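Here are the chains, one letter per residue:
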Amino acid sequence: MNKKVELQDLGFKDYKDTWDYQEALFKAIVDTKIKNRREDANLETQNHFLFVEHPHVYTLGKSGDLSNLLLDEAQLQEKGASFYKINRGGDITYHGPGQIVGYPILDLENFFTDIHKYLRFLEEMIILTLEEYGLKAERSPGETGVWLDVGTPFARKICAMGVRASRWVTMHGFALNVNADLGYFDNIIPCGIRGKAVTSLNVELGVERVSESDVKEKLLHHFSNLFQAEFLVTK
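Treat the numbers as computed from the prediction; the structure is a model and nothing was measured.

## Section: the overall build of the chain
Logical step 1: Tallying secondary structure elements over the chain gives 5 helices and 12 strands in all.
Logical step 2: Whereas a compact globule of 235 residues would reach a radius of gyration of roughly 18 Å, the chain reaches 18 Å, a difference of no more than 12%.
Logical step 3: Overall, the C-alpha framework of the chain stretches about 55 × 40 × 35 Å when taken along its three principal axes.
Logical step 4: Relative to its 235 residues, the chain shows a buried fraction of 51%.

So this is what it looks like as structure tokens:
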């Protein structure tokens, strides 16, 4: 059981290029698991955690509704944004500068075989991180992700989540708004949920900019504790 996780910060990287890279890492883990079962081998499966920041992009999950994208192709070009229909769960979301995106590509058989628990642990990692900034973040019943002021007219989402899993191997992950341009969320019905706002950490703290490296450090600390994982930094 390998609880070591190879950590890579990809910096500012195109969404499609990152998706392709995720798929390659995902396939390598799945192929190792298939080989183990076919050949009665005992090969160790790897785990990965990618940090990345994307140029403006909208992504729609496999069960999402395209009508939740409020822009046509010409308007997307005008906004300097791209669009992809992808193979994660969830509906539509936005990624862009000032947002910390995390893609854990894990063999859950190294940790626990429970997708519900996996999602709750990702949410808990965000909740504990935001608590360090004095914010009371919560889950919203029936709505994956992390929210503020749940159950009030001022409920607003600060972190979106959507994952894919096959053979207990995960990909895709979370998007935490840290210094995000919230105007880009006006072009979609975020996660297909009408009538609820989206926010960013810098807005909540009333500051121009929050250190993204500090936020990443806190996220990794809580991930490591929750999953009992050890990070190995790779370039």
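Here the narrative resumes.
## Focus on the packing of aromatic side chains
Logical step 1: Per the stated rule, a full pass over the model turns up 16 aromatic pairs.
Logical step 2: Ring plane angle 70° and centroid distance 5.0 Å describe the contact between F49 and F51, whose orientation is recorded as edge-to-face.
Logical step 3: Relative to F227, the ring of F223 has its centre 4.2 Å away and its plane inclined at 20°; by these criteria the two rings are stacked. With F223 and F227 both in helix 5 (residues 212-227) and 4 residues apart, this pair spans about one turn of that helix. Neither F223 nor F227 differs from the other in exposure class; each is buried.
Logical step 4: Taken together, F49, F51, F111, F112, Y118, F121, F174, F223, F227 and F231 form an aromatic cluster joined through their ring pairs.
Logical step 5: In this structure, K117 is placed above the aromatic ring of F112, and the distance from its NZ or CZ to the ring centre is 4.5 Å.

## Brief notes about the side chain of N177
Logical step 1: Locating N177 in the fold gives a position in strand 10 (residues 169-177).
Logical step 2: For N177, the side chain forms a polar contact with the side chain of Q99, separated by 2.8 Å.
Logical step 3: Those residues within four positions of N177 in sequence are excluded, and the remaining contacts are G98, Q99, K157, I158, L182, F185, V198, T199, S200 and L201.

## Structural notes on helix 3 (residues 115-131)
Logical step 1: The end-to-end C-alpha distance of helix 3, which contains 17 residues, comes to 24 Å, matching closely the 24 Å that a straight helix rising 1.5 Å per residue would cover.
Logical step 2: Taken together, the buried positions of helix 3 are occupied by Y118, L119, F121, L122, E123, M125, I126, I127, T129 and L130.
Logical step 3: Looking at where helix 3 begins, the residue whose side-chain oxygen comes 3.0 Å from the main-chain nitrogen of H116 is D114.

## Some details on the pattern of salt bridges
Logical step 1: Tallied over the entire structure, the rule returns 14 salt bridges.
Logical step 2: Note that E123 is salt-bridged to R139, the shortest N-O span being 2.8 Å. Of this pair, E123 sits in helix 3 while R139 sits in strand 7 (residues 137-140); the two residues are 16 residues apart in sequence, bridging distant segments of the chain.
Logical step 3: In this structure R139 comes out as partly exposed when scored by relative accessible area, which is 32%.
Logical step 4: In the salt-bridge network here, residues are joined through shared partners; they are K33, R37, D107 and E109.

## Side note on the sheet that holds strand 5 (residues 92-95)
Logical step 1: On the basis of which strands lie adjacent, the open sheet formed by 3 strands has the order 4-3-5 and mixed pairing. Each edge of the open sheet is held by one strand with a lone partner, namely strand 4 (82-85) and strand 5. Taking the axes of each pair of neighbouring strands and ignoring which way they run, one obtains an average angle of 20° across the sheet.
Logical step 2: Strand direction decides the pairing type here: strand 3 (residues 57-60) and strand 4, joined by 4 bridges, are parallel. Across the sheet, the residue bridging to Y58 is F83, located in strand 4.
Logical step 3: Contacts from helix 1 (residues 15-39) reach strand 3, strand 4 and strand 5 within the one sheet, and its direction differs from that of strand 4 by about 30°.

## Observations concerning the side chain of T18
Logical step 1: By the secondary structure assignment, T18 is in helix 1.
Logical step 2: Given the relative accessible area of 1%, T18 is considered buried.
Logical step 3: Not counting residues within four places of it along the chain, the set of residues in contact with T18 comprises L10, K13, V52, H54 and Y103.

How each quantity is defined
Residues numbered from 1 in each chain as written. Predicted model: local features only at pLDDT ≥ 70, side-chain atom pairs only at ≥ 80, totals over all residues. Heavy atoms only, no water. Helix = DSSP H or I, 4+ residues; strand = E, 2+ residues; numbered from the N terminus. Rg over C-alpha atoms; globule rule 2.2 N^0.38 Å. Buried < 20%, exposed > 50% of the residue type's maximum accessible area, 1.4 Å probe, protein only. Phe/Tyr/Trp six-rings, centres within 6.5 Å; stacked < 30°, edge-to-face > 60°. Lys NZ or Arg CZ within 6 Å of the ring centre and 35° of its normal. Polar contact = N/O pair within 3.5 Å; in protein donor to acceptor, adjacent residues only side chain to side chain. Contact = heavy atoms within 4.5 Å. Expected span 1.5 Å × (residues − 1). Salt bridge = Lys/Arg side-chain N within 4 Å of Asp/Glu carboxyl O. Pairing = 2+ DSSP bridges. Axes fitted to C-alpha atoms, helices over the stretch in contact; angles between N-to-C directions.

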